[in-house]
Amino acid sequence: MCGIDQYLEEQSKRFETEFCELLRIPSVSADPACREDIRRAADWVADQFRRMDFATEIIPTAGHPLVYAESTPVEGAPTVLVYGHYDVQPPDPLDEWISPPFEPTRRDGSIFARGATDDKGQMLTHLKSAEAHLAVNGRLPLNLKYLIEGEEEVGSRNLERFIAENTGRLACDCVVISDGSQFAPGRPAIDYGIRGIAYYELRLVGPKRDLHSGSFGGPVTNPANALARMLAALVDRQGKIQVPGFYDDVIPLSDSERQRIAALPFDEAKFMEQIGVTGLSGESGYSALEQRWARPTCDISGLASGYQGEGAKTVLPATATGKFSFRLVPNQDPKEITQALRSMLVELCPPGITMELIDLHGSPGVLIPPDSPYMRAAARAIEHAFGCPPVFTREGGSIPVVVTFHETLRVDTLLLGWGQDDDNTHSPNEKFSLADFHRGIKASARLWTELSDMKSK
Ligand code: BES
Ligand code: ZN
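None of these values were measured; they are calculated from a predicted model.

(A) Molecular detail of the layout of surface pockets. The space that makes up the second largest pocket amounts to roughly 520 Å³. Taken together, 23 residues form the lining of the second largest pocket, with E160, K335, G362, S363 and P364 sitting closest to its centre. For the lining of the second largest pocket, the secondary structure elements donating two or more residues are helix 5 (159–165), helix 12 (334–348), strand 14 (354–363) and helix 14 (401–409). Its residues assigned to classes, the lining of the second largest pocket comprises nine nonpolar, eight polar and six charged.

(B) Region of the structure containing the packing of aromatic side chains. Within the structure shown, the criterion is met by 15 aromatic pairs. Three or more aromatic residues link up through ring pairs in this structure, and these residues are Y200, F246, Y247, F324 and F326. For K240, the ring lying beneath its charged end belongs to Y247, and the centroid distance is 5.8 Å.

(C) Focus on the nonpolar core. By size, the foremost hydrophobic cluster in this structure holds 89 residues, and its most contacted members are F49, Y146, F405, W448 and L451. Looking at this core, the element that brings in the most residues is helix 13 (residues 373–386), giving nine residues. For W448, the contacting residues outside a window of four places in its chain are V80, V82, H126, S129, A130, H133, P141, L142, L144, Y146 and V176.

(D) View of empty space enclosed by the protein. On inspection of all chains with the given rule, the structure shows one cavity of 30 Å³ or more. Looking at the largest cavity, its volume works out to about 50 Å³. Partitioned by chemical class, the residues of the lining of the largest cavity number five nonpolar, three polar and three charged.

(E) View of the coordination of the zinc ion (ligand 2). The coordination sphere of the zinc ion (ligand 2) contains the protein donors H85 (NE2), D118 (OD), D179 (OD) and D179 (OD), at a distance range of 1.7 to 2.6 Å. Taken together, the six donor atoms coordinating the zinc ion (ligand 2) span angles of 51 to 157 degrees at the metal, a pattern that classifies the geometry as irregular. Each donor residue of the zinc ion (ligand 2) lies on the same chain, and together they follow the pattern H-x32-D-x60-D. Here the residue H85 occupies a position in strand 3 (residues 79–85), and D118 occupies one in helix 4 (residues 116–137), the gap between them amounting to 33 residues. Both residues of the pair, H85 and D118, count as buried.

(F) Region of interest: the sheet that holds strand 13 (residues 319–328). Pairing is antiparallel across the open sheet formed by four strands, whose spatial order is 11-13-9-14. Looking at the sheet topology across the chains shown, the edges are occupied by strand 11 (297–305) and strand 14. Neighbour-to-neighbour, the strand axes of this sheet turn through a mean angle of 15 degrees, independent of strand direction. In terms of strand pairing, strand 11 meets strand 13 through eight bridges, oriented antiparallel. Looking across to strand 13, one finds that L303 is bridged to G322. Packed onto the sheet, helix 8 (residues 223–232) meets strand 9 (196–205), strand 11, strand 13 and strand 14 and runs at close to 155 degrees relative to strand 9. Against the sheet, helix 12 makes contact with strand 9, strand 13 and strand 14, and its axis sits at roughly 165 degrees relative to strand 14, the strand it touches most.

(G) Seen up close, the site of ligand 1. Close to ligand 1 lie 15 residues, the nearest being E152, D179, R327, S398 and H426. In the environment of ligand 1, an oxygen atom lies 3.3 Å from a nitrogen or oxygen atom belonging to the side chain of H85. Take E152: an N or O atom from its side chain is 2.7 Å from an oxygen atom of ligand 1. In the complex, 87% of the free accessible area of ligand 1, which totals 510 Å², lies under the protein chains. Taken together, the residues of the shell around ligand 1 break down into three nonpolar, six polar and six charged.

(H) The side chain of N143, seen in detail. For N143, the position within the fold is in strand 6 (residues 143–149). Beyond its immediate chain neighbours, meaning those up to four positions away, N143 contacts S71, T72, P73, V74, A77, P78, T79 and V80.

(I) Local environment of the pairing of strand 9. Most of strand 9 is tucked away: eight of the ten residues are buried. Relative to strand 13, strand 9 runs antiparallel, the two sharing ten bridges. Bridge pairing in strand 13 places G196 opposite L328. Sheet topology note: the strand 9/strand 14 ladder contains nine bridges and is antiparallel. Across the sheet, residue Y199 finds its bridge partner in strand 14, namely H361.

About the cut-offs
- Residues numbered from 1 in each chain as written.
- Chains lettered and ligands numbered in written order.
- Predicted model: local features only at pLDDT ≥ 70, side-chain atom pairs only at ≥ 80, totals over all residues.
- Heavy atoms only, no water.
- 1 Å grid on protein atoms, 1.4 Å probe; cavity = no way out; pocket = protein on both sides within 12 Å on 5 of 7 lines; lining within 4 Å.
- Points joined across faces, edges and corners; volume = space filled by probe spheres on them.
- Helix = DSSP H or I, 4+ residues; strand = E, 2+ residues; numbered from the N terminus.
- Nonpolar A, V, L, I, M, F, W, Y, C, P; charged D, E, K, R; others polar.
- Phe/Tyr/Trp six-rings, centres within 6.5 Å; stacked < 30°, edge-to-face > 60°.
- Lys NZ or Arg CZ within 6 Å of the ring centre and 35° of its normal.
- Core = buried A, V, L, I, M, F, W, Y, C linked by side-chain atoms within 4.5 Å.
- Buried < 20%, exposed > 50% of the residue type's maximum accessible area, 1.4 Å probe, protein only.
- Contact = heavy atoms within 4.5 Å.
- Donors = N, O, S within 2.8 Å, 3.2 Å for Na, K, Ca; no water.
- Tetrahedral: all angles 85-135°; square planar, octahedral: opposite > 155°, others 65-115°.
- Pairing = 2+ DSSP bridges.
- Axes fitted to C-alpha atoms, helices over the stretch in contact; angles between N-to-C directions.
- Near = heavy atom within 4 Å.
- Polar contact = N/O pair within 3.5 Å; in protein donor to acceptor, adjacent residues only side chain to side chain.
- Areas by Shrake-Rupley, 256 points an atom, 1.4 Å probe, with all protein chains shown as cover.

Okay, structure coming up:
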């Protein structure tokens, strides 16, 4: 066993303890009550870098701070920029957690806590791998820069600007991100594509107060009815999105990619069992994997209107609000989609209702060339740690910063998800397998060695 792998084994318990320390900090970026905790999480991450003698800064933004750190320069060696996030999703619904979200608990070989897989555990793998090189060899084989943000779960609002204003400082040969999933247990993956997103809130306002639905129902437009009709008009029964021009820029899946996706061992029955559904729907003509990875979709994420209490109340509510988003595929432009959506909704909006469409955030999808030397280096590192080569997949979720790296720094990103599909990302009982945590660290440590042999740009 090489010195680094041995060090990782010897230190594995301490790594787990430190991981749990970070998980205890409720760094929920969406919740203003968590401001202090966000700050504590940033401090915790910065402290990890300081202990490795990295040049470390906590950089304030208009929102939550960024942690930026650089290793001691290694002349002539390539430079890798690692991105991750220390913020987490809100833990709701709280009563569905088996153990409390911010009291990390070990069960069945996994650590359960909000942020375990998304992204504290995955992000930490790339810090511990650097620590191992420093401890064993006294130096790193390449230059590492780390950008760890606190606003990923709320759309990375301030990151684009920071990157645009710091292109020189962030210059690198490639970016590495672990903030996603393997294809299946024991089937590590490299993602060569992720979807984009366009997220909206639609607010409808009708009468100036809630009304008796018997006395007023009929001539008075009910905002909840209007919302249901407007949102339902967005997608037809075949799963085709009805916003005019929506598919104009979609690059069709090639036959060869469809064949490759179809050849992956995906068990639809198991998938349904895992999420507890008895059937699947969606866009006709496309498999479940194709829909999740490579086709645009529309999902309502929240509806609010009228009476939500026990029993019945005959009310015609004064307002109705819906939150929904489109997942976009590479080449679709969220700004163009917003324009077309707005015109469509204005037309659909019935008399007696005023509407407001709020564009909450948007970012395009990305495709990454799958045959670059960086990808090959990552494949070798993964094979070393996981004992089998990775499969090449796409990711249905979105990591907006990948587009920014691509467009602003002009570099490719290695998307190396160490999680699993059933890690309950954004759900109650989020977890991260400790085996994956340790394999992730091992793969990352090997990746630094593999990439160090490559020519710097
Ligand atoms: N880690 C996820 C992205 C992800 C999700 C990767 C699922 C792999 C599988 C990330 O933290 C996330 O949730 N991103 C948001 C982005 C949005 C807020 C702009 C997403 O995809 O909803
Ligand atoms: Zn994440």
